[in-house]
Amino acid sequence: MADRATIAVVTEPFKPFFGGAIRASRSIEAYRKSFDVLVYELIRTKSDPTYSRDRNVVKVYSGPVLRALYKLRLEFLPGLTPNGISKRMVRIGRDVSKTDVRAVVSLHENLDLLRLCSILREEYEARSAALLQLPVFIRDRRRQGEIIRAYDKWYSALYPGSVKELAGKVRTRVELSVLSSRSVARLLRSYDLLISVSRSIGYEMGPEWESRIHALDPGVGLDEEDLGLIKTVKERAVKEDFIVFGGRIDPLKGFIEGLEVFKAIARAYRDIKLVATGRVNPSLRERIVRYAKRIGLEDRLVLPGAVPRIERFRYVANARLVIYPSHMDSYSYAVLEALHLGTPVVAYDIPALRFNYEGAEGLVLVREGDVEGLAAEALNILGSKDITVSPPRKVKKWDEIAREEVSLIERLVES
């Protein structure tokens with residue numbers, strides 16, 4: 001039996017409550033069936049989990065400059081230059097330079113991970129690939145404007161009248177400008193292979209990238225374990241008087257817009273509540289609770305924190321509705337899971353959802369940024385006695401997606 005090729009993958013520490021982390025871990029699991037895999041995990045801050053003791057996992061620690069940028073949430077600034085993150089800005093936990101690595105693969109689209117991947121590519125003199133789980137940048141000016149407005153709402157609602165409000169609004173505009181810069185485009189062009197988990201990603205980035213990127217159509221799916229959990233939870237589901245906010249508690253997921261939609265619903269349904277799962281630090285939780293109280297939603301917002309996947313499924317299956325005003329997506333686990341669990345979804349009509357879910361029964365899309373339209377559709381669903389919800393037609397099982405992805409990496413290694 002011939003020796004297996006070794007590949008290196010670049011990722012962030014596994015966080016089981018983040019869709020991107022789950023997707024990356026599944027890629028690693030699939031790669032290990034065909035390659036010897038050396039995992040490089042970028043530890044950004046002291047709060048990042050570092051519990052992995054796998055001998056094939058190499059920790060890469062951010063240096064003082066990078067840690068300071070992360071702390072200030074200015075981690076995108078090195079993207080202003082093609083070599084923005086140099087080898088001197090990180091500390092690699094152990095020396096594996098003598099390993100014969102044939103290809104280096106970044107499993108995320110973050111600039112720091114893309115740059116680390118390019119550093120390792122040069123060290124190993126290997127081929128390189130990047131798996132894009134989201135667009136690196138958005139070319140559409142109108143879409144950029146909606147993203148800016150989402151961040152402005154976040155900072156105005158949670159940090160009113162403070163320096164942080166002003167700084168946050170400025171930061172958003174600078175970040176979008178950096179991501180769309182020529183240096184970021186040059187970094188992406190240096191890769192031998194770009195793979196995306198949705199056809200919408202290349203579309204969002206513009207015509208050049210639509211032709212350069214190999215799109216898995218789609219590259220997100222449910223594995224047998226997920227489908228088994230969903231089946232069990234759905235069979236026992238009983239609709240209760242609450243709604244689920246579908247995304248992370250985050251500006252890009254439209255959290256403040258979600259509260260605005262729920263405020264309109266709460267006026268019509270006095271006993272209904274909104275459940276928003278996800279990790280929230282104590283300071284942010286306090287600000288969210290204070291804002292909810294200010295807009296009349298005291299005791300109507302439930303923040304259970306980060307919950308296990310099966311518990312998340314139970315919330316969604318028992319909810320009357322999922323509201324999902326997300327501004328950034330690729331395929332969306334949130335929508336996929338909700339439709340499989342029999343719960344209708346109202347969301348913004350962004351390319352990721354339009355490309356992958358158009359015509360899906362139980363999903364209603366409205367113009368991005370139209371909070372009133374989202375609220376009106378939510379009320380229509382809540383007031384209807386006959387809502388059909390079914391899994392989307394455009395779906396693949398994870399095994400099929402994994403085979404296609406591994407085949408692309410095999411061709412890269414052999415070239």
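Quick summary incoming for the structure in this document.

Conventions adopted
- Residues numbered from 1 in each chain as written.
- Predicted model: local features only at pLDDT ≥ 70, side-chain atom pairs only at ≥ 80, totals over all residues.
- Heavy atoms only, no water.
- Helix = DSSP H or I, 4+ residues; strand = E, 2+ residues; numbered from the N terminus.
- Rg over C-alpha atoms; globule rule 2.2 N^0.38 Å.
- Contact = heavy atoms within 4.5 Å.
- Lys, Arg positive; Asp, Glu negative; His and termini not counted.
- Charge placed at Lys NZ, Arg CZ, Asp CG, Glu CD.
- Buried < 20%, exposed > 50% of the residue type's maximum accessible area, 1.4 Å probe, protein only.
- Pairing = 2+ DSSP bridges.
- Axes fitted to C-alpha atoms, helices over the stretch in contact; angles between N-to-C directions.
- Phe/Tyr/Trp six-rings, centres within 6.5 Å; stacked < 30°, edge-to-face > 60°.
- Lys NZ or Arg CZ within 6 Å of the ring centre and 35° of its normal.
- Parallel < 35°, antiparallel > 145°, perpendicular 65-115°, else oblique.
- Left-handed = near helix turned anticlockwise from the far one by under 90°.
- Nonpolar A, V, L, I, M, F, W, Y, C, P; charged D, E, K, R; others polar.
- Polar contact = N/O pair within 3.5 Å; in protein donor to acceptor, adjacent residues only side chain to side chain.
- Core = buried A, V, L, I, M, F, W, Y, C linked by side-chain atoms within 4.5 Å.
- Expected span 1.5 Å × (residues − 1).

1. As for the overall build of the chain
Consideration 1: Each helix and strand in the chain was counted, giving 16 helices and 14 strands.
Consideration 2: Over its C-alpha trace the chain gives a radius of gyration of 21 Å, about what one expects of a compact globule, namely 22 Å for 415 residues.
Consideration 3: Partitioning the intrachain contacts of the chain with sequence separation of at least 6 by distance along the chain shows that 74% fall at a separation of at least 24.
Consideration 4: Computed over 68 positive and 56 negative side-chain charges, the inter-centroid distance for the chain is 4 Å.

2. A closer look at the pairing of strand β12 (residues 321-324)
Consideration 1: Burial along β12 is two-sided: the face carrying Leu321 and Ile323 and the face carrying Val322 and Tyr324 are both buried.
Consideration 2: Of the strand pairs in this sheet, strand β9 (residues 242-245) and β12 are connected by three bridges, and their pairing is parallel. Opposite Phe245, over in β12, you have Ile323 as the bridge partner.
Consideration 3: The sheet contact formed by β12 and strand β13 (residues 345-348) spans three bridges and is parallel.

3. Looking at the sheet that holds strand β1 (residues 6-11)
Within a sheet, neighbouring strands are paired by backbone hydrogen bonds and run either parallel or antiparallel to one another.
Consideration 1: The mixed open sheet is built from eight strands, whose spatial order is β4-β3-β2-β1-β5-β6-β7-β8. A strand with exactly one partner marks an edge of an open sheet, and here the two such strands are β4 (90-92) and β8 (214-215).
Consideration 2: Against the sheet, helix α1 (residues 19-31) contacts β1, β2 (36-43), β5 (101-106) and β6 (127-132), and its axis sits at roughly 175 degrees relative to β1.
Consideration 3: Of the strands in this sheet, β1, β2, β3 (57-62), β4, β5 and β6 touch helix α3 (residues 111-124), which is tilted by about 170 degrees from β5.

4. A short note on the packing of aromatic side chains
Between two aromatic rings, the relevant description is the distance of the centres plus the angle of the planes.
Consideration 1: In total, this model carries seven aromatic pairs according to the counting rule given.
Consideration 2: The interplanar angle of 80 degrees and the centroid separation of 6.2 Å between the aromatic rings of Phe137 and Trp209 together place this pair among those described as edge-to-face. Here Phe137 is found in the loop between β6 and α4 (141-158), whereas its partner Trp209 is found in helix α8 (residues 207-212), with 72 residues between them in sequence. Neither residue differs from the other here; Phe137 and Trp209 are each classed as buried.
Consideration 3: Between the aromatic rings of Phe245 and Phe255, the centroid separation amounts to 5.3 Å while the plane-to-plane angle is 85 degrees, which identifies the pairing as edge-to-face. Separated by 10 residues along the polypeptide, Phe245 in strand β9 and Phe255 in helix α10 (residues 255-268) bring together distant segments of the chain.
Consideration 4: Taken together, the aromatic side chains of Trp154, Phe245 and Phe255 make up a single cluster linked through ring pairs.
Consideration 5: Against the face of Trp209 rests Arg212, its NZ or CZ located 5.4 Å from the ring centre.

5. Things to note about the packing of helix α12 (residues 309-318) against helix α13 (residues 333-340)
Consideration 1: Two elements in contact, α12 and α13, have axes whose closest approach is 9 Å; the angle formed by their N-to-C orientations is 60 degrees. Taken together, the axes of α12 and α13 are oblique relative to one another. When the axes of α12 and α13 are compared, the crossing they make is right-handed. In contact with Arg309, Arg312, Phe313 and Val316 of α12, α13 contributes Tyr333, Ala334, Glu337 and Ala338.
Consideration 2: In terms of residue class, the contact of α12 with α13 is built from five nonpolar, no polar and three charged.

6. Examining the side chain of Lys59
Consideration 1: Within the secondary structure, Lys59 sits in strand β3.
Consideration 2: At 2.6 Å, the side chain of Lys59 forms a polar contact with the side chain of Glu41.

7. Here we look at the pairing of strand β11 (residues 301-305)
Consideration 1: What you see with β11 is a clean split: Leu301, Leu303 and Gly305 sit on the buried side and Val302 and Pro304 on the side with no burial.
Consideration 2: Pairing of strand β10 (residues 273-277) with β11 involves three bridges; the strand directions are parallel. In the sheet register, Val275 faces β11, and the bridge partner there is Val302.

8. Comments concerning the nonpolar core
Consideration 1: Judged by nonpolar contacts, the single largest core of 142 residues is most densely connected at Tyr31, Tyr40 and Ile409.
Consideration 2: Excluding residues within four positions of it along the chain, Tyr40 makes contact with Ala8, Val9, Val10, Thr11, Val58, Val60, Ile92, Val96, Leu120 and Tyr124.

9. What about the sheet that holds strand β14 (residues 363-366)?
Consideration 1: The six strands are arranged β11-β10-β9-β12-β13-β14 in an open sheet whose pairing can be described as parallel. Each end of this open sheet is capped by a strand with a single partner; those strands are β11 and β14. Each neighbouring strand pair of the sheet contributes to a mean axis angle of 25 degrees, computed without reference to strand direction.
Consideration 2: Two strands pair when backbone bridges link them, and β9 and β10 are joined in this way by three bridges, in the parallel orientation. The residue bridging Ile243 from the neighbouring strand is Leu274, located in β10.

10. Focus: the environment of Thr11
Consideration 1: If you trace the backbone, Thr11 turns up in strand β1.
Consideration 2: Between the C-alpha atoms of Thr11 and Glu410, which are 399 residues apart in sequence, the distance is 19 Å.
Consideration 3: The contacts of Thr11, once residues within four sequence positions are left out, are Ala24, Ile28, Val39, Tyr40, Glu41, Leu42, Leu107, His108 and Leu113.

11. A short note on α10
Consideration 1: Between its first and last C-alpha atoms α10 spans 20 Å; for 14 residues at 1.5 Å apiece the expected length is 20 Å, and the two agree.
Consideration 2: In terms of residue burial, α10 counts as a mostly covered element, since 10 of its 14 residues are buried.
Consideration 3: For α10, the set of buried residues is Phe255, Ile256, Glu257, Gly258, Leu259, Val261, Phe262, Ala264, Ile265 and Ala266.

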